[in-house]
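Chain by chain, the residues:
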Amino acid sequence: MTSLSATIQGVFNEANCVENANKSAAARKKGCTKQAQPGGAVGGCAFDGAKIALQPFTDVAHLVHGPIACEGNSWDNRGSASSGSDLWRRSFTTDMQEIDVVFGGEKRLYKAIREIIRKYHPSAIFVYQTCVPAMIGDDIDAVCKIATAKCGRPVIPVNAPGFVGSKNLGNKLAGEALLRYVIGTQEPDYTTPYDINLIGEYNLSGEFWQVKPLLDELGIRVLSCISGDGRYRDVACSHRARAAMMVCSKSLINVASKMKERYGIPFFEGSFYGIQDSSESLREIARMLIERGAPAELMERTELTVAREEAKARAAIEFFKPRFAGKKVLLVTGGVKSWSVVAALQEAGLEIVGTSVKKSTMKDKERIQKVMGHDAHMIEDLTPREMYKMLKEAKADIMLSGGKSQFVALKTATPWLDINQERCHAYMGYLGIVKLMEEIDKALYNPIWDQLRKPAPWDDADVSWKAKSLAQVEVATVDVEPNLERVEKARGAKRSFRCQNLDLGVTKESVVALGSTTVDDIAQRTKAPDVCGASERAIVDMTAAQPTSTQQAAE
Amino acid sequence: MAIVTSSNKACSSNPLKMSQPIGGSFAFLGLRGAMPLLHGSQGCTSFGLTLFVRHFKEAVPLQTTAMSEVATVLGGYENVEQAILNIYNRTKPEIIGINSTGVTETKGDDVEAFIRLIRQKHPQLEKVPLVYVSTPDFKDAFQDGWERTVARVIEVLVDPVDAAAPRDLSRVNVLPGCHLTPGDLDELRTILEDFGLRPSFLPDIAGSLDGHIPDEFTPTTIGGIGVDEIATMGQAAWTIAIGAQMRRAAEAMQARTGVPFRLFERLCGLVPSDVFIASVSEISGKPVPPKYRRQRGQLADAMLDAHFHIGGRKLAIGAEPDLLFDISSMLYEMGAQLTAAVTTTASPVLERVRMGEVVIGDLEDLEELAKTRECDLLISHSHGRQAAARLNIPFYRAGFPMFDRLGAGHQMTVGYRGTRELIFDLANLIITDREDNRQPTPDTWRITDNGLHVVPPRPN
């Protein structure tokens, strides 16, 4: 068995994964994701997953060994904020040419590593294997080993070529690379009883910074964040943390559980999305740290902070409740964080008509069941066509999803909000949940929807151009022999002229043909009892100019 | 005039280039009811898909043969077969366009043979056009993939015509390069129709990616040129090819149907627009409508107003060959100095770029050149924004991908109107930069020991 397939087998043996534990040995071998369907798949590949998991390490150079497609087509597509180096935003690839495919790309890879170290002095280089060099047998492990020795800097192979599997598998293979080459290789300058690791937190849009001040306030130190705003040295020292929080269980559960195995670092799965989840996570962090020797007073302080922040957030959300009453949400998050978002949305009084659970684990589903009660509208897999139909029939007032399905919503003129990886707003913690409500409100009440849902005037299927023009003729005839009801009918729902209730045409009809002279009379005839001041003046003007208008009408 | 050099680095950093297969898929996206299919691993498609979606802000159909490790080693026949059947059953496409990738080219899959076998095995596919183009990732770039794919579509789908048969004089074929946007195609359509011509655009990304809202959800492209229309392109009187990359396709059309072609390497700028309009007038036998006489005047006036700002600017530009040639030539004609130019792939037009040297390289090369040569305006696709920010010079987005601004599909550079808009945008950018970043200080004009700083006149 090659070392890569051994690694993959290892990942599938994940003991802490509830689903895996329930499988037979044979089923476990197959892994947890279905084999992609030719002609019916959209997801990313293992390389994609590995890159996503590690790219947020900010002071590291990420070098992609492969032809231009793997990096040239994909770089710079996730915004993970950095408080320091911006090296991670640069893109490095060996851009393999035909000649490298024929003669092997190892030399070029080695030279590329040297070039990067010379030019950019990174703390480390992560080298990503892709399909083509894997096929021709480029041994990136060997190249990285030699480069580490010769260049005096850690060069880490990330062996996750696209064709070995899904994005999710790639996340885990990235985790394996960290476990094998990085974690535990350095020692921190000092440790405290308040040191934690965050695993599977990517600091997208800098959202973790919405939570970090609270941790700072409590004196809790994030020894290493794997991998959002992460530094190489911090990961290398992360084995000295007292406890860990696993933020995204799907991506790096193997890192959390193997760190528990090797270094005895307990972990829990938590979320900072939604008020309840944020509070529970803070409490759990405190609890675990106390269990591992931190002073018990930490819990008291945590409770105080939680109470204060919850009160603030609830007060802010109160404002949105009346505006959200009766509004229905379709939630298509890819499943991962549905349950924590669901709780938050319900808290604000939104009704959830459906939530996708395509990528959710059994545990996620249980949680959703718990928060949503018996009306849990869990949707296993929603095809774009069904989604389109649902939205077109206005079964939901707004859809929250990732970027890939946004056009399904937007093209049905349904409000949509990005809550996935490409979003530009941060929704974490107590601050973030209020921000999410603001954004939902903005989307729901944007005045564009009324305009866009109305068909173009010529697009009314019931009225042909011919019918319209005949109706015009009819109106002209009516001018001679007035019949207000017919006129009104022919004009349909034409907008009023000055005030909402009064139709200019009908008024004119009334003045000209029936000789109405008083405002009251006109108001009564036009069935518009409340005539506003401006309209009243207009009617007076019209009555005064009656001879002229009669003449015009005759023409 | 320009010498073309290749950067000899082992590591491409901040790539300007995108891969050939997705250039090919892009061309298929301009066909009606199309489903482009990349023969490779899932990521090959997913990256391209994300790129198109971020650029156009539209749903984009793109499928994968989802090659696994095992399938790659054993050969991808079954994956191609299954992909085609799945697409056929689920989405009922009018055409499936297949591009190879690095993985399947390294293995050496003979997809043409696969297709013949698949057709034999599944007679229901008889009427579905399956067009395959070889486009390995490890060779060439985005533009080459487009070029090859359009040429291949012509070879496979255009019905051959007897050279002696009478032609429809009002019909023209237009073969646009991948540097033109849906907005550009709309403008060209308007111009040609104003001369009484009926154009067939191949590919027609304006039909599919202009952002219109379909009545029903469609899993394939929602517009573009139909296979039926492509088949009859041989009846047209002329082919108009835009961009040097389209020579191959135009020649393929001529070889197959005898339709003569006129190749316009550029459509941005006063003179190229004059040449184009005069040419269309000749082809159609109609005088130039007053509208274009007026537009020409407006462009001339825009050039007068803007030359104060654009003239003398030291320009750094990173773009695919045809776009680089087009925009940089216009700016040269506006008096700008082309100081740093980087492109992605070899092309005959590069030699005609009016400057000393064009580098086939990446955005790192462009950034370094722009820095050492003190450029004061940077033009490239969205990835160039980091370089411009580090250099603290104004940045104009041109080309693909443009993911961090809206309206990429409607940006326009062709004809009098497009040129005018581009000139105004650039001049305004320079004016804004001067107001925001170049205000004089007491030390601005202090003479140093080095003596007076003189901007050397531009080389000819």
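The present account deals with the structure reproduced in this document. (Residues numbered from 1 in each chain as written. Chains lettered and ligands numbered in written order. Predicted model: local features only at pLDDT ≥ 70, side-chain atom pairs only at ≥ 80, totals over all residues. Heavy atoms only, no water.)

### Brief notes about the overall build of chain B
When helices and strands are counted, chain B shows 17 helices and 15 strands. For 460 residues, the compact-globule estimate of 2.2 N^0.38 gives 23 Å, and the C-alpha radius of gyration of chain B, at 23 Å, lies within 12% of that figure. Along the longest, intermediate and shortest principal axes, the C-alpha atoms of chain B span 80 × 55 × 40 Å. Counting the 460 residues in chain B, one finds 62% classified as buried. Relative to all contacts within chain B whose residues are 6 or more apart in sequence, the contacts with residues 24 or more apart total 73%. Here chain B has roughly 17500 Å² of accessible surface; of this, 53% comes from carbon and sulfur atoms. Between the mean site of the 45 positive side-chain charges and the mean site of the 56 negative ones, chain B shows a separation of 2 Å. (Helix = DSSP H or I, 4+ residues; strand = E, 2+ residues; numbered from the N terminus. Rg over C-alpha atoms; globule rule 2.2 N^0.38 Å. Buried < 20%, exposed > 50% of the residue type's maximum accessible area, 1.4 Å probe, protein only. Contact = heavy atoms within 4.5 Å. Areas by Shrake-Rupley, 256 points an atom, 1.4 Å probe, with all protein chains shown as cover. Lys, Arg positive; Asp, Glu negative; His and termini not counted. Charge placed at Lys NZ, Arg CZ, Asp CG, Glu CD.)

### Here's the deal with the environment of Leu330 of chain A
Note on placement: Leu330 of chain A falls in strand S9 (residues 328-332). Residues Leu330 of chain A and Trp416 of chain A, 86 residues apart in the sequence, show an inter-C-alpha distance of 9.5 Å.

### As for the sheet that holds strand S7 (residues 168-176) of chain B
The pairing of strands in a sheet comes from backbone hydrogen bonds and takes either a parallel or an antiparallel form. Residues and elements named next belong to chain B. Ordered in space as S8-S7-S9-S10, the four strands form an open sheet in which the pairing is parallel. Each edge of the sheet is formed by a strand with only one pairing partner; in this case those strands are strand S8 (198-201) and strand S10 (261-264). Going from strand to strand, the sheet's axes swing by 25° on average, the running direction of each strand aside. Across four bridges, the pairing between strand S9 (residues 236-242) and S10 is parallel. Looking across to S10, one finds that Ile240 is bridged to Arg262. On top of the sheet, helix H8 (residues 182-194) reaches S7, S8 and S9; it is set at about 155° to S8, its chief contact. Sitting on the sheet, helix H12 (residues 270-284) is in contact with S7, S9 and S10, with an inclination near 165° to S10. (Pairing = 2+ DSSP bridges. Axes fitted to C-alpha atoms, helices over the stretch in contact; angles between N-to-C directions.)

### Re the sheet that holds strand S5 (residues 95-100) of chain B
All names here are of chain B. Reading across the sheet, the four strands line up as S4-S3-S5-S6 and stay open at both edges, with parallel pairing between neighbours. Each edge of the sheet is formed by a strand with only one pairing partner; in this case those strands are strand S4 (63-64) and strand S6 (130-133). In terms of strand pairing, strand S3 (residues 34-39) meets S4 through two bridges, oriented parallel. Counted as the bridge partner of Leu37 is Gln63 from S4. Taken strand by strand, helix H1 (residues 20-28) contacts S3, S5 and S6, and its axis lies near 170° from that of S5. Strands in contact with helix H6 (residues 111-121) are S3, S5 and S6; relative to S6, the strand with the most contacts, it is inclined by about 165°.

### Section: the interface of chain B and chain A
Counting residues at the interface gives 62 residues for chain B, matched by 59 residues for chain A. Contact between chain B and chain A buries roughly 5300 Å² in total, counting both sides, with carbon and sulfur atoms accounting for 56%. In terms of surface lost to chain A, no three residues of chain B exceed Phe47, Phe138 and Phe217 of chain B, which account for 15% of the buried area on that side. Taken together, chain B and chain A are joined by five salt bridges. At the junction of chain B with chain A, the criterion picks out 26 residue pairs in polar contact (both at pLDDT 80 or more). Among the elements of the structure, strand S2 (12-13), helix H2 (42-56), S4, helix H3 (69-74), helix H4 (77-91), helix H5 (102-107), helix H15 (363-372) and helix H16 (385-391) of chain B are those that each provide at least two residues to the side of chain B that touches chain A. No other element matches the nine residues that H2 of chain B contributes to the side of chain B that touches chain A. For the side of chain B that touches chain A, the residue count by class is 22 nonpolar, 23 polar and 17 charged. Across two bridges, strand S2 (residues 92-93) of chain A lies against S2 of chain B in antiparallel orientation. Paired with Thr93 of chain A across the two strands is Ser12 of chain B, which belongs to S2 of chain B. (Buried area = accessible area lost by both parts, 1.4 Å probe. Salt bridge = Lys/Arg side-chain N within 4 Å of Asp/Glu carboxyl O. Polar contact = N/O pair within 3.5 Å; in protein donor to acceptor, adjacent residues only side chain to side chain. Nonpolar A, V, L, I, M, F, W, Y, C, P; charged D, E, K, R; others polar.)

### Quick word on H4 of chain B
Residues and elements named next belong to chain B. Taking 1.5 Å of rise per residue, the 15 residues of H4 would be expected to cover 21 Å, and the 21 Å separating its terminal C-alpha atoms lies within 8% of that figure. Taking burial as the measure, the 15 residues of H4 include 11 buried ones, the bulk of the element. Every buried residue of H4 is listed here: Tyr77, Asn79, Val80, Glu81, Ala83, Ile84, Leu85, Asn86, Ile87, Tyr88 and Thr91. Looking at the buried side of H4, the elements it contacts are S3, S4, H3, S5, H6 and S6. In the segment just after H4, Lys92 is the residue with positive phi, at about 45°. (Expected span 1.5 Å × (residues − 1).)

### Some words on the side chain of Ser19 of chain B
Tracing the chain through its elements places Ser19 of chain B in the loop between S2 and H1. Given the relative accessible area of 1%, Ser19 of chain B is considered buried. Within polar-contact distance, the side chain of Ser19 of chain B engages the side chain of Asp137 of chain B at 3.5 Å. When sequence neighbours within four positions are dropped, the list of residues in contact with Ser19 of chain B reads Ile68, Ala69 and Asn73 of chain A together with Asp137, Ala141 and Phe142 of chain B.

### A few points about the packing of aromatic side chains
Counting across every chain of the model gives 19 aromatic pairs over all chains. Seen from their ring centres, Phe320 of chain A and Phe324 of chain A are 5.7 Å apart, and the 15° between their planes marks the pair as stacked. Following the ring pairs from residue to residue traces out a cluster consisting of Phe26, Phe52, Phe56, Phe142, Trp146 and Phe400 of chain B. (Phe/Tyr/Trp six-rings, centres within 6.5 Å; stacked < 30°, edge-to-face > 60°.)

### Considering a positive patch on the surface
Residues and elements named next belong to chain A. Where like charges cluster on the molecular surface, the positive patch consists of Lys107, Lys111, Arg114, Arg118 and Lys150. Ranked by the residues each element gives to the positive patch, the list is headed by helix H7 (residues 106-120), at four residues. With respect to the element layout, Lys107 can be found in helix H7. (Patch = residues over 30% accessible without salt bridge, like charges linked within 9 Å, V, L, I, M, F, W, Y side chains within 5 Å.)

### A look at the packing of helix H14 (residues 275-291) of chain A against helix H21 (residues 429-444) of chain A
Residues and elements named next belong to chain A. Running from amino to carboxyl end, H14 crosses H21 at an angle of 170°, the nearest separation of the two axes being 9 Å. Between H14 and H21, the interaxial angle falls into the category roughly antiparallel. Of the residues in H21, those touching H14 at Ile275, Ser278, Ser279 and Leu282 are Gly429, Tyr430 and Ile433. Class assignment of the residues belonging to the contact of H14 with H21 gives a composition of four nonpolar, three polar and no charged. (Parallel < 35°, antiparallel > 145°, perpendicular 65-115°, else oblique.)

### Examining the side chain of Lys411 of chain A
Along the chain, Lys411 of chain A turns up in the loop between helix H20 (406-410) and strand S13 (416-418). At 3.1 Å, the side chain of Lys411 of chain A and the backbone oxygen of His212 of chain B are in polar contact. Not counting the four nearest positions on each side in its chain, Lys411 of chain A is found in contact with Tyr388 of chain A together with Glu58, Gly211, His212, Ile213 and Pro214 of chain B.

### Remarks on the nonpolar core
For soluble globular proteins, the rule of thumb is that nonpolar side chains tend to be buried together. Counting 156 residues, the largest nonpolar core has Phe126 of chain A together with Phe26, Phe52, Leu202, Ile310 and Ile379 of chain B as its most contacted members. In this structure, Phe52 of chain B is in contact with Ile22, Ser25, Phe26, Leu29, Lys57, Val60, Leu62, Phe142 and Phe400 of chain B, ignoring residues within four places of it in sequence. The next biggest cluster of nonpolar side chains, apart from the first, holds 54 residues, and it includes Leu218, Cys225, Ala243 and Leu417 of chain A. (Core = buried A, V, L, I, M, F, W, Y, C linked by side-chain atoms within 4.5 Å.)

### A closer look at the packing of H4 of chain B against H6 of chain B
Residue and element names in this part refer to chain B. Running from N to C, H4 and H6 point in directions that differ by 55°, and their axes come no closer than 10 Å. The angle between H4 and H6 places the two elements in the oblique class. H4 and H6 meet at a crossing whose hand is right-handed. Residues Tyr77, Val80, Glu81 and Ile84 of H4 touch H6, and the partners they reach there are Phe114, Leu117, Ile118 and Lys121. For the contact of H4 with H6, the class distribution of residues is six nonpolar, no polar and two charged. (Left-handed = near helix turned anticlockwise from the far one by under 90°.)

### Some points on a nonpolar patch on the surface
On the surface, a cluster of nonpolar side chains totalling about 380 Å² of accessible area is made up of Ile99, Val102 and Phe103 of chain A. The residue Phe103 of chain A is located in helix H6 (residues 98-103) in this model.

### Regarding helix H11 (residues 247-257) of chain B
Residue and element names in this part refer to chain B. What H11 keeps buried is the set Ala249, Ala250, Ala252, Met253 and Thr257. One face of H11 carries all of its buried residues, which in axial projection span an arc of 155°. Summarising the contacts, the buried residues of H11 are in contact with helix H7 (142-157), S7, S9 and S10. (Arc of directions from axis to C-beta.)

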